[in-house]
Amino acid sequence: MTTEAPGGPRRSDATKAAILEAARERFAADGYERATIRAIARDAGIDPSMVMRYYGNKEGLFAAASEFDLRLPELGALPGKHIGAVLVSHFLDRWEQDEVLTALLRASVTNAAAAERAHQIFKGQLGPVAVGVCPDPAEAPRRAALVASQILGMALARYVLRFPPAVEMTREEVVSWLAPTVQRYLTDARP
């Protein structure tokens, strides 16, 4: 008989949380392809069957483990000319503070489920930002895709492939190069 307090955390919630924490760390360290259910279960201190019970398969676990908020800044109160710099700076912060985001990008290149997860995150979170700042909301999906091409391209070069020129650039240099392009994609009239 369990002595859990009514309304308190359930054992299944604690198990799920342990699985997700272990999965995030394992996916970040090993990447999607090399991470295994067995290793994640071992890291969480549980039987692999529990991972399967809660998440079904590796793709389901990855989708749950890569569920996160990009915590995009509120741009409506900013002077329009600062939107590009604020977004580029924000994404640099996110890439440098969250290895799961890097693991998602790495996995997205070769895995359809991971690519779909990245698509959902950027569409669901960057799309509304574009709607809020672009001159024609009907163009927001296209403009958000252009912004994503810049942000994801730099992230791939700097944090995944680690191209020396991209890695050696200071944050200020990255912002000064990318911000005007991101700004143009979001706020300029269509060419």
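In this text the structure is predicted, and so the values were computed from the model without any measurement.

Rules and cut-offs
- Residues numbered from 1 in each chain as written.
- Predicted model: local features only at pLDDT ≥ 70, side-chain atom pairs only at ≥ 80, totals over all residues.
- Heavy atoms only, no water.
- Axes fitted to C-alpha atoms, helices over the stretch in contact; angles between N-to-C directions.
- Helix = DSSP H or I, 4+ residues; strand = E, 2+ residues; numbered from the N terminus.
- Parallel < 35°, antiparallel > 145°, perpendicular 65-115°, else oblique.
- Left-handed = near helix turned anticlockwise from the far one by under 90°.
- Contact = heavy atoms within 4.5 Å.
- Nonpolar A, V, L, I, M, F, W, Y, C, P; charged D, E, K, R; others polar.
- Buried < 20%, exposed > 50% of the residue type's maximum accessible area, 1.4 Å probe, protein only.
- Phe/Tyr/Trp six-rings, centres within 6.5 Å; stacked < 30°, edge-to-face > 60°.

Go over the packing of helix α1 (residues 11–34) against helix α2 (residues 37–44), please, and point to the residues and values.
Where α1 contacts α2, the two axes come as close as 8 Å, and the packing angle between them is 125 degrees. Classified by the angle between their axes, α1 and α2 sit oblique to one another. Considering how the two elements wind past one another, α1 and α2 form a crossing that is right-handed. Residues Ala18, Ile19, Ala22, Ala23, Arg26 and Phe27 of α1 lie in contact with α2, whose contacting residues are Ala39, Ile40, Arg42, Asp43 and Ala44. In terms of residue class, the contact of α1 with α2 is built from eight nonpolar, no polar and three charged.

An account of the side chain of Ser108 is needed here, citing residue identities and associated values.
Within the fold, Ser108 resides in helix α6 (residues 99–108). Accessibility expressed as a relative area gives 17% for Ser108, which makes it buried.

Give a detailed account of the packing of helix α7 (residues 112–133) against helix α8 (residues 140–160), specifying residues and quantitative values.
Put simply, α7 and α8 touch, their axes get as near as 9 Å, and they point 115 degrees apart. Of the two elements, α7 crosses α8, and the hand of that crossing is right-handed. Where α7 abuts α8, its residues Phe122, Leu126, Gly127, Ala130 and Val131 lie against Ala140, Ala144, Val147, Ala148 and Leu152. Here the contact of α7 with α8 is built from residues that sort into nine nonpolar, one polar and no charged.

Talk me through the packing of aromatic side chains; I want residue IDs and the actual numbers.
Scanning the model with the defined rule gives five aromatic pairs in all. Geometrically, the ring pair formed by Phe27 and Tyr32 is stacked, given 5.9 Å between the ring centres and 10 degrees between the ring planes. A relative accessible area of 2% means that Phe27 is categorised as buried. Relative to Phe122, the ring of Phe91 has its centre 5.9 Å away and its plane inclined at 15 degrees; by these criteria the two rings are stacked. Linking Phe91 in helix α5 (residues 83–97) with Phe122 in helix α7, this pair joins segments that are 31 residues apart in sequence. For Phe91, a relative accessible area of 1% corresponds to the buried category.

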